[in-house]
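What follows is the residue order along each chain.
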Amino acid sequence: MIRFLRLFLLESNKDCKISERWNGQNWIWNWNRPIEGGMSFAHLQQLQSTILEYSFSGLSDKWIWDSGGIDVFTVAEARRVIDDSTLPDGVCTTRWNKYIPRKANIFYWRCQLNRLPTRVNLVAKGLDVPSMICSICNADMEDNIHLFIHRNVAVDLWKFLGEWCDISCPSFIQIEDIVTWIGSLNLSLIKRSGLEAIIMTMWWLLWNFRNGVIFGGQSTKRYLLIDSLVDYSYNWFVFRNRKISISCVSWMLNPILSIPM
């Protein structure tokens, strides 16, 4: 970017050095025409004032890595700068639940980072989206909180989850509140992991349900989500935990009670 464009256009030698225009005591200009006043004269005074603030050492020019820390370029420092400018701050610690598939864990991780391609996120990235309103309920903007907490389909599933597991589900405001709530429950580690696996499964099904409505044109059959939640969570949890034996009937009655201490 050229800061003093008027002076640059008036300069006869566009590749001149500062030493060719300043001899240590006086300025030596070479303009295409004399500068007598106006904006060009004001820019010239500003340029001279700016240059005189610096002390020139006479050494050869060199590149300096200005990242607010060290002045020498390193890959580690470059990565730190990129991460600080692109990754969100204050996110929860990455969670990995061994009782659900890898794809569901990655999905949950992307959800925590707010990296799912919701309509709000697509618009924020500059994509041309017809509307940010949720295509299922047409009641609010489609973001993570709406999809997995506040949308009517999600509310019904959260209500079912509380009755199914015999726990009281509070009103969540942010995604991070759910992780905090799970950790505060008076349950053993494996029971908390089981509950978290059920919630992750529920979100996975909600996202697939949303994609099916938008891209597949399928009709809204909410009761199938409850059946799928019970079925998927049981199969994922049991087949990844061979050390315990849980019957399908006990899981259908109350999954938290069916998990041994």
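Please refer to the structure higher up on the page.
What counts, and where the lines are drawn
- Residues numbered from 1 in each chain as written.
- Predicted model: local features only at pLDDT ≥ 70, side-chain atom pairs only at ≥ 80, totals over all residues.
- Heavy atoms only, no water.
- Helix = DSSP H or I, 4+ residues; strand = E, 2+ residues; numbered from the N terminus.
- Rg over C-alpha atoms; globule rule 2.2 N^0.38 Å.
- Buried < 20%, exposed > 50% of the residue type's maximum accessible area, 1.4 Å probe, protein only.
- Contact = heavy atoms within 4.5 Å.
- Salt bridge = Lys/Arg side-chain N within 4 Å of Asp/Glu carboxyl O.
- Phe/Tyr/Trp six-rings, centres within 6.5 Å; stacked < 30°, edge-to-face > 60°.
- Patch = residues over 30% accessible without salt bridge, like charges linked within 9 Å, V, L, I, M, F, W, Y side chains within 5 Å.
- Areas by Shrake-Rupley, 256 points an atom, 1.4 Å probe, with all protein chains shown as cover.
- Expected span 1.5 Å × (residues − 1).
- Arc of directions from axis to C-beta.
- Axes fitted to C-alpha atoms, helices over the stretch in contact; angles between N-to-C directions.
- Parallel < 35°, antiparallel > 145°, perpendicular 65-115°, else oblique.
- Left-handed = near helix turned anticlockwise from the far one by under 90°.
- Nonpolar A, V, L, I, M, F, W, Y, C, P; charged D, E, K, R; others polar.

A. Molecular detail of the overall build of the protein. A tally of helices and strands in the protein yields 13 helices and zero strands. Counting from the amino terminus, the protein carries its helices and strands in the arrangement α-α-α-α-α-α-α-α-α-α-α-α-α. For the protein, whose C-alpha radius of gyration is 31 Å, the value lies well above the compact-globule estimate of 18 Å for 261 residues. In the protein, which comprises 261 residues, the proportion classed as buried is 38%. For the protein, the share of sequence-separated contacts (at least 6 apart) that also reach a separation of at least 24 residues comes to 54%.

B. Fine view of the pattern of salt bridges. Per the stated rule, a full pass over the model turns up three salt bridges. The partner of R21 in a salt bridge is E11, and the shortest N-O contact between them spans 2.6 Å. Pair noted here: R21 is in helix α2 (residues 18-21) and E11 is in the loop between α1 (5-10) and α2, with a separation of ten residues, a long-range link. Residue class for R21 comes out buried when judged on its relative accessible area of 10%. Taking the shortest distance from any N to any O, the salt bridge between R210 and E142 comes out at 2.9 Å. Of this pair, R210 sits in helix α10 (residues 189-216) while E142 sits in the loop between α6 (119-124) and α7 (144-150); the two residues are 68 residues apart in sequence, bridging distant segments of the chain. Taking the relative accessible area as the measure of exposure, E142 reaches 0% and is therefore buried.

C. Representation of the packing of aromatic side chains in the model. Under the definition given, this model contains 15 aromatic pairs. An angle of 80° between the planes, with centres 5.8 Å apart, marks the rings of F107 and W204 as edge-to-face. On the criterion of sequence distance, the pair formed by F107 in helix α5 (residues 102-112) and W204 in helix α10 is long-range, its members being 97 residues apart. Pair check on accessibility: F107 and W204 agree, each one buried. Among the aromatic side chains, those forming a connected cluster through ring pairs are Y99, F160, W164, Y234, F237 and W251.

D. A look at a nonpolar patch on the surface. Taken together, the side chains of V123, M132, I133 and M141 make up a nonpolar region of the molecular surface, amounting to roughly 270 Å² of accessible area. Position of M132 among the secondary structure elements: in the loop between α6 and α7. Judged by its relative accessible area of 30%, M132 falls in the partly exposed class.

E. Helix α3 (residues 38-52), seen in detail. In a regular helix each residue adds 1.5 Å, so 15 residues correspond to 21 Å; α3 covers 22 Å between its end C-alpha atoms and thus fits that length. Those residues of α3 lying buried are S40, H43, L44, L47, Q48, T50 and I51. Across the axial projection of α3, the buried residues extend over an arc of 160°, all falling on one side. Set apart from the buried face of α3 by more than 90 degrees, the exposed residues are G38 and L52. In this structure, the buried residues of α3 make contact with α1.

F. Spatial organisation of the packing of α5 against α10. In contact at an axis separation of 10 Å, α5 and α10 are set at 85° when each is read in the N-to-C sense. It follows from the interaxial angle that α5 and α10 lie roughly perpendicular. Only M200, W203, W204 and W207 of α10 make contact with α5, whose side of the interface consists of K103, A104, N105, F107, Y108 and C111.

G. Seen up close, the packing of α10 against helix α11 (residues 222-238). Where α10 meets α11, the axes come as close as 9 Å, and the angle between the chain directions of the two elements is 135°. Classified by the interaxial angle, the pair formed by α10 and α11 is oblique. Note that α10 runs across α11; the crossing there is right-handed. Facing α10, whose interface residues are I190, G194, I198, T201, M202, W204, L205, L206 and F209, α11 presents L225, S228, L229, Y232, S233, W236 and F237. In the contact of α10 with α11, the residues fall into twelve nonpolar, four polar and no charged.

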